[in-house]
Structures are given as C-alpha cells and as structure tokens.
Amino acid sequence: MNRLSLLIPLAVFALILVIGYLGFSLDKRNELPSALIGQDFPEFSAPDLFSPDVVRTRADLVGQPTLVNIWATWCPTCKAEHEVLMQIARTSEVALVGVNYKDDRGLALGWLADYGNPYNLVLMDADGGLGVELGVYGAPETFLLNRDGKVIYKRVGDVNMRVWQNEIAPLLQQLEVAHGGPGWEMVGR
Amino acid sequence: MKFAAVVFFWCVAGTAWSAGQVDVYHFDTPEQRKRYNTLIEEFRCPKCLNINIAGSDAPIAKDLRATVHRLIVQRGFSDQEIRDFLQARYGDFVLYNPPFNARTYLVWVIPFLLLFVGLIVLIGLLLRQRRKASPVNLDVDALEKLLDEKT
C-alpha cells in the first residue's frame, strides 16, 4: 500500500500530460464557435461596391446556396484565398457574395480588376458595422447559407482547397440533395 | 551624439503618437460614460484571447467599443440588452461569465468537485492523525473484573 502510494505523483503527472495533449490537439482551439450557425443570416443594408447608390439587403442573398466571404485588401490571407475563390467560381454553381470589410473602395476595385472578380455580388462594409452583425472578428471569414438564408457553416481563416473539398463541397451536395435538384457534378474539383 | 538625439526624438514622438490612439466619444450624461466604461471592461476581445475590449488595441475591439457606445447613446439600450446583443453575435465567448449549459458544465463543476475531493482527503488525514495521537484508553474496571473472574 505504502509503496503504491509513491506512484500517485507519477499518476497525477501522467493525467496532466494526457489532459494537456488532448487540449493542445484540439483543432480549432483559437477559433470562436459562431453564434450564427443554425440562425437566419441577419437583416442588413449595405451599398454595392460597384454602384454605391444601390443598397443591397438580405433579400439579395436568399434563393440559392450562397457563400458569403468577408475580405479586404489589407488582409494578406485574403490574397491567398482569392485564387481559391476564383477556382470555386469557375467550377461550382454556388453563389459567391463578397463583403469588402473595412476597406477603401478604390483599393477594392483595383484588387478585383487586377486579380479577377469571383463574386456575383460585392457589398461594402466600410465601418465594420455589418461585420459586427455577423460576429466577424477578422478577415477572411466565410459563411455558407442555404437557399432560405440560414447560416449552416462558418469558416474562420482562409478557404483553401482542402477546406473546400472536405467541408464546404459536401455540405453543398447535401443541400442540393435535400432540395431534390440535380447533383453537383462540378463540386470539389 | 546626433544619432542618439534623433533616436530619442522618434521614441518620444512614437509614444506621443500611440498615446493619441484613444477613442474620443461623446456622452449625453456622465452616467452613460460610466456605463460605457464598465461595459467595455466586461467583454472579452474575440481576436486577442484573454484581454477585454477596453484593454485591446485590436481593430475589432475598437469596433466593439464603438458598438457599445452606439447602443448606449443612440439606441438607449440597457446594460443587459447590450450583453444580449453582443452574445447573440459573438457567442458566450465574449462574456467572461459563461452561462451554465451542456457545453460549459465541466468548467463550473470541476472546481467544486476538486474542493469535495480535497475535503475528503483532509478529513481522512485528520482522522488518521487523531487515531495515532490518541492514547490507548484502558477500561480499568472492566480489566479488573476480568482478572477477578480468572482468579
């Protein structure tokens, strides 16, 4: 008994190691769970980047599965992500909506002219007000909306090919199946 | 020497510049300012883990301070309405005081569990010590009786 109790500190140490290992191997430990998942995309009004007199609202986002991508020209990760978005725009039928977040309109237009425009629609959020409504705390962030405008997925950080193929494309496929429409043959390439 | 003077100048200028990065907000009443200052101490910055939005330089913390100000001054929200507003958008995370639910129960329960285990260990140790320390109580009468019976 006495000899066994000598092992107690070792056992405690092992327990700490195990908990530490589990804790640090959690994949998204720095990522906030979004409060919006499962909720309707909030009502908003934001000017269109290309024609600022036109005010866009939530009604412009519903009707088809939509990726809402928060981006900015000051965001280096957005540059890497941009190519992936271009590829998604070429190969998938999902609607892409950009939210130009706390940015300068001229810079944003220049960016899209230089690198191409993957978006069906780009909104301006110059003061970050729409970002606060969405619980955005950095760029890039991306939301997937079903055709009813409900948020079913959120990605914090860049959408790369791995995230697209493993996480977003399967969800899109499910949405399509649930809706009874044609399959997404293009998805995930 | 001249180089040192230049370095010194830029250091001083630099601190002056960074000290200038303080939000300037207008409040209708001193009470609003007090509520604002209390509330921004209360919320956690979503970007820079474990700093409140009052103490963070992150752009999002600045935005959230502006949001709190707007909700107080323009929308006339109560403190609780502001908490609900931010919680609805940024989740339980922004509250340093997470609610008790299925996801957070371990955080709340474990300290009490540890306290309970500690108490049991403490009681065990005390009991053991008392047992060792207490002298043997001889029931003298009973012993004498026993001896009488034997003889």
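Given the structure is predicted, the values throughout are model-derived calculations rather than measurements.

Student: What am I meant to see in the overall build of chain A here?
Tutor: A count of helical and extended segments in chain A gives 6 helices and 7 strands. N-terminal to C-terminal, the α/β element order of chain A is α-α-β-β-β-α-β-α-β-α-β-β-α. In chain A, which comprises 189 residues, the proportion classed as buried is 44%. Pairs at least 24 residues apart make up 71% of the contacts formed inside chain A by residues separated by at least 6 positions.

Student: I tried to follow the overall build of chain B on my own but got confused; where do I start?
Tutor: Looking only at helices and strands, chain B features 6 helices and 0 strands. Helices and strands in chain B line up, N terminus first, as α-α-α-α-α-α. Out of the 151 residues in chain B, the part that is buried amounts to 25%. Within chain B, residue pairs in contact and separated by at least 24 positions form 46% of the contacts whose partners lie at least 6 positions apart. When the accessible surface of chain B is summed, it comes to about 11,500 Å², and 65% of that surface belongs to carbon and sulfur atoms.

Student: Explain a negative patch on the surface here, please?
Tutor: Residue and element names in this part refer to chain B. A surface patch of negative charge is lined by Asp139, Asp141, Glu144, Asp148 and Glu149. In this structure, glutamate 149 sits in helix α6 (residues 140-150). Residue class for glutamate 149 comes out exposed when judged on its relative accessible area of 60%.

Student: Which parts of the structure should I look at to understand the interface of chain B and chain A?
Tutor: Put simply, an interface is often sized by how much accessible area is lost when its parts join up. Taken residue by residue, the interface counts 16 residues in chain B and 16 residues in chain A. Taken together, both faces of the contact between chain B and chain A bury some 1,200 Å²; the carbon and sulfur share is 56%. Looking at the side of chain B facing chain A, the largest losses of area belong to B:Asp63, B:Arg89 and B:Tyr90, adding up to 44% of the total buried there. Our count for the chain B to chain A interface comes out at 2 salt bridges. Counting the contacts that link chain B with chain A gives 3 residue pairs in polar contact (both at pLDDT 80 or more). When the residues that make up the side of chain B that touches chain A are grouped by side-chain class, the tally is 9 nonpolar, 3 polar and 4 charged.

Student: What should I look at first to understand the state of the cysteines in this one?
Tutor: Disulfides are covalent bonds that link the sulfur atoms of two cysteine residues. Residues and elements named next belong to chain A. In this structure the tally under the stated criterion is 1 disulfide over all chains. Here cysteine 75 is linked by a disulfide to cysteine 78, with a sulfur-sulfur distance of 2.2 Å. Measuring handedness by torsion sign, the sulfur bridge of cysteine 75 and cysteine 78 sits at about 90 degrees and is right-handed. For the pair shown, cysteine 75 and cysteine 78 are each scored as buried.

Student: What is the right way to look at empty space enclosed by the protein in this model?
Tutor: Think of a ball as big as a water molecule: rolled over the atoms, this probe shows where empty space is left. Under the criterion given, the structure shown has 1 cavity of 30 Å³ or more. In this structure, the largest cavity spans a volume of roughly 30 Å³. In this structure, the largest cavity is lined by A:Leu32, A:Pro33, A:Ser34, A:Ala35, A:Gly135, A:Tyr137, A:Lys154, B:Arg89 and B:Tyr90. Here the residues of the lining of the largest cavity sort into 5 nonpolar, 2 polar and 2 charged.

Student: Help me understand the sheet that holds strand β5 (residues 121-125) of chain A, please; the structure alone is not making it clear to me.
Tutor: Strand pairing in a sheet relies on backbone hydrogen bonds, with the paired strands running either antiparallel or parallel. Residue and element names in this part refer to chain A. Strand order in the open sheet formed by 5 strands is β5-β4-β3-β6-β7, with mixed pairing between adjacent strands. The open sheet has two edge strands, β5 and β7 (151-156), and neither has a second partner. The mean inter-strand angle of the sheet, taken between neighbouring strand axes irrespective of direction, is 20 degrees. With 6 bridges connecting them, strand β3 (residues 66-71) and strand β4 (residues 95-101) associate as parallel partners.

Student: Whenever I open this one, the side chain of A:Glu141 confuses me. Can you help?
Tutor: Residues and elements named next belong to chain A. Inspection of the secondary structure assignment puts glutamate 141 in strand β6 (residues 141-145). Of the residues examined, glutamate 141 reaches a relative accessible area of 1% and is grouped as buried. Those residues in contact with glutamate 141 that sit more than four places away from it in its chain are Val68, Asn69, Ile70, Gly135, Val136, Lys154, Arg155 and Val156.

Student: Would you explain helix α4 (residues 105-115) of chain A in this entry?
Tutor: For an α-helix, the turn length of 3.6 residues means that residues three or four places apart are oriented alike. All names here are of chain A. Of the positions making up α4, those classed as buried are Ala108, Trp111 and Leu112. All buried residues of α4 project into a common sector of 90 degrees when viewed along the axis, lining one side. Exposed side chains of α4 directed beyond 90 degrees from the buried face belong to Leu107, Ala113 and Asp114. For α4, the N-terminal cap is aspartate 104; the gap from its side-chain oxygen to the backbone nitrogen of glycine 106 is 3.1 Å. Looking one or two residues past α4, glycine 116 carries a phi angle of roughly 95 degrees, positive in sign.

Here is what the cut-offs are and how they apply
Residues numbered from 1 in each chain as written. Chains lettered and ligands numbered in written order. Predicted model: local features only at pLDDT ≥ 70, side-chain atom pairs only at ≥ 80, totals over all residues. Heavy atoms only, no water. Helix = DSSP H or I, 4+ residues; strand = E, 2+ residues; numbered from the N terminus. Buried < 20%, exposed > 50% of the residue type's maximum accessible area, 1.4 Å probe, protein only. Contact = heavy atoms within 4.5 Å. Areas by Shrake-Rupley, 256 points an atom, 1.4 Å probe, with all protein chains shown as cover. Patch = residues over 30% accessible without salt bridge, like charges linked within 9 Å, V, L, I, M, F, W, Y side chains within 5 Å. Salt bridge = Lys/Arg side-chain N within 4 Å of Asp/Glu carboxyl O. Lys, Arg positive; Asp, Glu negative; His and termini not counted. Charge placed at Lys NZ, Arg CZ, Asp CG, Glu CD. Buried area = accessible area lost by both parts, 1.4 Å probe. Polar contact = N/O pair within 3.5 Å; in protein donor to acceptor, adjacent residues only side chain to side chain. Nonpolar A, V, L, I, M, F, W, Y, C, P; charged D, E, K, R; others polar. Disulfide = S-S within 2.5 Å. 1 Å grid on protein atoms, 1.4 Å probe; cavity = no way out; pocket = protein on both sides within 12 Å on 5 of 7 lines; lining within 4 Å. Points joined across faces, edges and corners; volume = space filled by probe spheres on them. Pairing = 2+ DSSP bridges. Axes fitted to C-alpha atoms, helices over the stretch in contact; angles between N-to-C directions. Arc of directions from axis to C-beta.

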